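Okay, here's what each chain looks like letter by letter:
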Amino acid sequence: MRRLISISILLLAVLLVLPGVLSAVGGGYWFRVTTTIGVFSILTMSANLITGTTGLMSLGHAGFYGIGAYTTALLATKLHWPFFLTLPVAGVVTAVFGILLALPTMRLIGIYFAVATLGLGEIIHVTLLNWVDFTRGPMGISAIPGISLDGLFSASDITNYYAVAIIALLAALVLGRLTHSYYGNALRAVREDDQCAASMGLNVVGLKIQSFAFACFFAGVAGGLWAHTTGYISPGDFRFSESILILAMMVVGGLGSIPGAVLGAVILLGLPEVLRPIGDYRMIVVGAVMFFSILFLPRGLLGETSVLSVVRRQFGLAWDRTLNLGWRQ
Amino acid sequence: MTPLLEIKSACRYFGGLHAVEDFSGHVKRGERVGLIGPNGAGKTTLFNLITCFTPLSSGAVFFDDTDISSLKAYRVARLGIARTFQNLRVMPNLSVFDNVSIGALGALGHSPFAALTKRANYANDIGRRTWDALEQTGLQDQASELAANLSYGKRKYLEIARALALSPRLLILDEPAAGLNDTETAQLAEFVLRLSGEGLSILLVEHDMNFVMSLCERVMVMASGRKIADGSPQEVSNDPVVLEAYLGSEEEAA
């Protein structure tokens, strides 16, 4: 019941209150900021599955985001596919790339995995930049059609907002179920001690690949949303710095937490916009927020254990022996 | 009937070091077997070979007539060999319940699609197995506690509970009594006896001789990677070769 109420409040806020407020304060620019936050929320939630839950630090997420964006842009401009085909296809293509590229790195752990994924991200970026025949290289792809459906809705700020919001909610639902389930326990076991997990019968390599595939799927969809909502993409959007930004959002929000991932995106993208009046000093403030959040909140604002304890307090009944349940199912 | 676990001339070399050399031995169904030997004799390496944590250099391991020598560690676990670790390896950031559910997940399999579709039967099965293992080990009241907050002794039981959730046929315990006081050791021995009474075969390494001698029906002794004795606790403790391995020979002492 409580859960139903909190979900209704969330849906109401995202689908009615927020767009209403944004229209009231004058639309355009703030809608743009909000859709960017939405896209980065999806990216951070998905990267969180790999880094926060499965415990593999991925520094190449922007590369997969780029694969999704370019897949969408090319399908939409060259083959004129509509958004409801480009987005899922972008997700699947990215997931396939993710699995293929990740296979050789699956034996790596810790910092070695991080450096390998950093390399993967750079390879993707450099490919996008130099394969001029296919990706138009540094010129980027422009005039990508927006999100519209004949007779129902046309491309506009509001359409973009709803597309991003609905997909972000779906991503939160899917990733939430993966994380807050027994399956999520298996992923967490890989994070805590992969050898021990293997000796308990968990297929560690399989779990790593699965989490990579799901995360890349959503990174690809986020890339597709970015391409459709901005209308122009270039390799510069998918550099290493974006991967670091995603990582910073995860850490500020709290590793392993889905609300934390969204909160991280809101803070690190919203703060520079809100602080525009103080000019370039605002980046110092953003840096300070990151620095102090690491210093004083090593688990982030909504880190996993604190979120877990909240869940436990709220769902105390779920621990009842007679219900045979440990996790909310 | 063939034994549950049969090790045939197992060898493991680390470079020039012969950690386990030509070790043959077995564990029968329902038997409690102890493995003892001085430090560095290769006991833990042998455990790692049985659970396929470390690949064999040569030789073979059979479990229930299946050659498991070339299997991956998680396959061996699913076949029914569960283990605990010498240096406790509980997952500190997970709750006690979640720790134990790992074993149940190993036994019943883990699919992302079961999580996405909220397959209820599957979740109930995992929950039931987990609670059973928690109740067997007396940890049910601490189910929601973080593993990091448990006392050392309780963490030992947590590791055993996790192994039991796998519903193993062979339980391998690596120094279960290390760090426990006498009362706790006696309780643990009683607990292991009870598990054995339920039909579980047990293979354990332990330095506490009272524990081994009172609990095990048969003892294998290792020194420098080789098996030097195999017999009842009485036979082994009077074996001159064993005494020599532990205490040094008379000539050396002289």
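Nothing here was measured: the structure is a model prediction, and the numbers come from that model.

**Quick notes on a nonpolar patch on the surface**
Residues and elements named next belong to chain A. A cluster of nonpolar side chains, L12, L16, V17, V21, V25, Y29, W30 and V274, forms an exposed patch at the surface whose accessible area comes to about 740 Å². Among the secondary structure elements, those contributing two or more residues to the nonpolar patch are α1 (2–24) and α2 (28–53). A total of 4 residues in the nonpolar patch trace back to one element, the largest contributor, which is α1. Structurally, the position occupied by L16 is in helix α1. Assessed through its relative accessible area of 55%, L16 is described here as exposed.

**Comments concerning the sheet that holds strand β8 (residues 201–205) of chain B**
Residues and elements named next belong to chain B. Strand order in the open sheet formed by 6 strands is β6-β7-β8-β3-β9-β10, and the pairing between neighbours is mixed. Both outer strands of the open sheet, β6 (81–83) and β10 (226–231), are each paired with one neighbouring strand and no more. Ignoring which end each strand starts from, the neighbouring axes of this sheet average 20° apart. Sheet analysis places strand β7 (residues 170–174) next to β8, joined by 5 bridges and oriented parallel. Bridging from a neighbouring strand, D174 pairs with V205 of β8. Across the sheet, helix α6 (residues 152–164) is in contact with β6 and β7; its angle to β7 comes to roughly 155°.

**Some words on unusual backbone geometry**
Residues and elements named next belong to chain A. Phi is positive for H80, which is not a glycine, with a value near 55°. Positive phi outside glycine occurs at A143, with the angle close to 55°. Following the sequence through the fold, A143 ends up in the loop between α6 (132–135) and α7 (157–179).

**Considering the side chain of T45 of chain B**
Residue and element names in this part refer to chain B. Relative to the helices and strands, T45 is located in helix α1 (residues 43–50). Overall, the relative accessible area of 15% leaves T45 in the buried class. Beyond its immediate stretch of four places on either side in the chain, T45 contacts R12, F14, A19 and V20.

**Considerations on the confidence of the model for chain B**
Across chain B, pLDDT averages 87, with 98% of residues at or above 70. Overall fold confidence (pTM) sits at 0.85, and the ipTM for the predicted complex is 0.85.

**What about a positive patch on the surface?**
Where like charges cluster on the molecular surface, the positive patch consists of R107 of chain A together with K72, R75 and R78 of chain B. Take R75 of chain B: it is sitting in helix α2 (residues 73–79).

**Things to note about the packing of aromatic side chains**
Applying the stated criterion across every chain, the model contains 15 aromatic pairs over all chains. A centroid spacing of 6.2 Å and a plane angle of 55° characterise the contact between F214 of chain A and F113 of chain B, whose relative ring orientation is tilted. Separated into two different chains, F214 of chain A in helix α10 (residues 204–230) and F113 of chain B in helix α4 (residues 112–116) make up a pair that spans both. On the numbers, 5.9 Å between centres and 50° between planes, the contact of F53 of chain B with F85 of chain B is tilted. Of the two residues, F53 of chain B sits in the loop between α1 and β4 (58–63) while F85 of chain B sits in the loop between β6 and α3 (96–108), which places them 32 residues apart along the sequence. For F53 of chain B, a relative accessible area of 22% gives the class partly exposed. Pairwise contacts between aromatic rings join F40, Y65, Y70 and F238 of chain A into one cluster. One cation-aromatic arrangement involves K8 of chain B over F62 of chain B; the distance from NZ or CZ to the ring centre is 4.5 Å.

**So, the sheet that holds strand β2 (residues 17–27) of chain B**
Residue and element names in this part refer to chain B. One open sheet accounts for 4 strands, arranged β2-β1-β4-β5; its pairing is antiparallel. With partners counted over all chains shown, the strands left at the sheet margins are β2 and β5 (66–67), one partner each. On top of the sheet, α1 reaches β1 (5–14), β2 and β4; it is set at about 115° to β1, its chief contact.

**Quick notes on the pattern of salt bridges**
This structure, assessed with the given rule, holds 11 salt bridges over all chains. Taking the shortest distance from any N to any O, the salt bridge between R191 of chain A and E192 of chain A comes out at 3.1 Å.

**Quick notes on the nonpolar core**
The biggest cluster of nonpolar side chains holds 134 residues, and the ones touching the most others in it are I42, L225 and I233 of chain A together with L171 and L188 of chain B. Mapping this core onto the domain boundaries places at least three of its residues in each of domain 1 (1–80 + 168–254) and domain 2 (89–167) of chain B. Of all hydrophobic cores here, the second largest spans 27 residues; its members include V27, V61, F63 and V76 of chain B.

**Considering the interface of chain A and chain B**
Contacts between the two partners involve 37 residues from chain A and, on the opposite side, 42 residues from chain B. Here chain A meets chain B over a buried area of about 3600 Å², counting both sides, of which 65% is carbon and sulfur. Linking chain A with chain B are 1 salt bridge. In this structure, D193 of chain A engages R89 of chain B in a salt bridge whose closest nitrogen and oxygen atoms are separated by 2.8 Å. Counting across the chain A and chain B interface gives 9 residue pairs in polar contact (both at pLDDT 80 or more). Contributions of two or more residues to the side of chain A that touches chain B are made by α7, α8 (182–192), α9 (194–199), α10 and α14 (304–314) of chain A. Here the element with the most residues in the side of chain A that touches chain B is α8 of chain A; it accounts for 8 residues. Considered class by class, the residues forming the side of chain A that touches chain B number 17 nonpolar, 11 polar and 9 charged.

Cut-offs and rules
Residues numbered from 1 in each chain as written. Chains lettered and ligands numbered in written order. Predicted model: local features only at pLDDT ≥ 70, side-chain atom pairs only at ≥ 80, totals over all residues. Heavy atoms only, no water. Patch = residues over 30% accessible without salt bridge, like charges linked within 9 Å, V, L, I, M, F, W, Y side chains within 5 Å. Areas by Shrake-Rupley, 256 points an atom, 1.4 Å probe, with all protein chains shown as cover. Salt bridge = Lys/Arg side-chain N within 4 Å of Asp/Glu carboxyl O. Helix = DSSP H or I, 4+ residues; strand = E, 2+ residues; numbered from the N terminus. Buried < 20%, exposed > 50% of the residue type's maximum accessible area, 1.4 Å probe, protein only. Pairing = 2+ DSSP bridges. Axes fitted to C-alpha atoms, helices over the stretch in contact; angles between N-to-C directions. Contact = heavy atoms within 4.5 Å. pLDDT = per-residue confidence, 0-100. Lys, Arg positive; Asp, Glu negative; His and termini not counted. Charge placed at Lys NZ, Arg CZ, Asp CG, Glu CD. Phe/Tyr/Trp six-rings, centres within 6.5 Å; stacked < 30°, edge-to-face > 60°. Lys NZ or Arg CZ within 6 Å of the ring centre and 35° of its normal. Core = buried A, V, L, I, M, F, W, Y, C linked by side-chain atoms within 4.5 Å. Domains from an automatic or database assignment. Buried area = accessible area lost by both parts, 1.4 Å probe. Polar contact = N/O pair within 3.5 Å; in protein donor to acceptor, adjacent residues only side chain to side chain. Nonpolar A, V, L, I, M, F, W, Y, C, P; charged D, E, K, R; others polar.

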